Amino acid sequence: RKEVEQDPGPFNVPEGATVAFNCTYSNSASQSFFWYRQDCRKEPKLLMSVYSSGNEDGRFTAQLNRASQYISLLIRDSKLSDSATYLCVASGSARQLTFGSGTQLTVLP
Amino acid sequence: NAGVTQTPKFRVLKTGQSMTLLCAQDMNHEYMYWYRQDPGMGLRLIHYSVGEGTTAKGEVPDGYNVSRLKKQNFLLGLESAAPSQTSVYFCASQWRRTEAFFGQGTRLTVV
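The rules behind these values
- Residues numbered from 1 in each chain as written.
- Chains lettered and ligands numbered in written order.
- Predicted model: local features only at pLDDT ≥ 70, side-chain atom pairs only at ≥ 80, totals over all residues.
- Heavy atoms only, no water.
- Pairing = 2+ DSSP bridges.
- Helix = DSSP H or I, 4+ residues; strand = E, 2+ residues; numbered from the N terminus.
- Salt bridge = Lys/Arg side-chain N within 4 Å of Asp/Glu carboxyl O.
- Axes fitted to C-alpha atoms, helices over the stretch in contact; angles between N-to-C directions.
- Disulfide = S-S within 2.5 Å.
- Buried < 20%, exposed > 50% of the residue type's maximum accessible area, 1.4 Å probe, protein only.

### What about the pairing of strand E8 (residues 73–78) of chain B?
Residue and element names in this part refer to chain B.
Logical step 1: Relative to E8, strand E3 (residues 19–25) is paired through 6 bridges, and the arrangement is antiparallel. Each bridged residue has a counterpart across the sheet, and for Leu22 the counterpart in E8 is Leu75.
Logical step 2: The antiparallel pairing of strand E7 (residues 64–67) with E8 creates a hairpin that spans 5 residues between the two strands.

Next up, the structure:
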């Protein structure tokens, strides 16, 4: 079983739609969580950190459920520019950053 | 502020050749990582370092070696390249458990 698992998609949604991505992690000792965005053939860039209390940044909301070892990302009012691959990341007790395989999103006009 | 710089950006190797990829960061980060990314797959950790002079194996370390002689540099070596090592290699650096910053990647083809 992979340490961080994501639904690979692809997700194809119309502009303005709300889309949710889910991620599970198997290492209960993981302490930090992130969502990264990766555009085609480019380096990943931080979208947002994920906190236990949940956090919001504009149209993006991230949630963490430690009991279920589950992380989510909600994107509201999708824009064409949101098209990318979204990577779920967990930082474990050994200080390794472990990435999920990514979920591909295409926002359609 | 350069952030994380990888060199080279592209390289073609013949099977059996060796090469070293350099990652340099100017943010005084303790942690550094080397990942590989294959088409349709996520990033897989090759090796990582939590400080100068220390390295550790990640998920896919076979065929690679690393060194962290200076805090700002993390080198990835391929002693005898194989076609299976054709991939995009990303280096990242991180200050403890905060955001990790990535280099622009090295596209390596082994023929």
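### A closer look at the pattern of salt bridges
Logical step 1: Using the criterion set out here, one finds 7 salt bridges over all chains in the structure.
Logical step 2: The partner of Lys79 of chain A in a salt bridge is Asp77 of chain A, with the nearest N and O atoms 2.9 Å apart.
Logical step 3: For the salt bridge of Arg44 of chain B with Asp38 of chain B, the shortest nitrogen-to-oxygen distance reads 2.6 Å.
Logical step 4: Taken together, the shared-partner salt bridges connect Arg36, Asp38 and Arg44 of chain B into one network.

### Things to note about the sheet that holds strand E6 (residues 55–57) of chain A
Residue and element names in this part refer to chain A.
Logical step 1: Across the sheet, 5 strands lie side by side as E1-E3-E8-E7-E6; this open sheet has antiparallel pairing. For this open sheet the edge positions go to strand E1 (4–6) and E6, each flanked by a neighbour on one side alone. Along the sheet, successive strands turn relative to each other by an average axial angle of 20 degrees, direction set aside.
Logical step 2: Taken together, the 3 bridges between E1 and strand E3 (residues 19–25) define a ladder with antiparallel strand orientation. Residue pairing in the sheet places Val4 in a bridge with Tyr25 of E3.

### Thoughts on the state of the cysteines
Logical step 1: Under the criterion given, the structure shown has 2 disulfides over all chains.
Logical step 2: Each sulfur of the disulfide joining Cys23 of chain A and Cys88 of chain A lies 2.0 Å from the other. Taking the sign of the S-S torsion, about -80 degrees here, the bridge from Cys23 of chain A to Cys88 of chain A comes out left-handed. On the criterion of sequence distance, the pair formed by Cys23 of chain A in strand E3 and Cys88 of chain A in strand E9 (residues 84–91) is long-range, its members being 65 residues apart. Residues Cys23 of chain A and Cys88 of chain A agree in their burial class; the two are buried.
Logical step 3: Paired by a disulfide, Cys23 of chain B and Cys91 of chain B hold their sulfur atoms 1.8 Å apart. In this structure, the disulfide formed by Cys23 of chain B and Cys91 of chain B twists by about -75 degrees around the S-S bond and is classed as left-handed.

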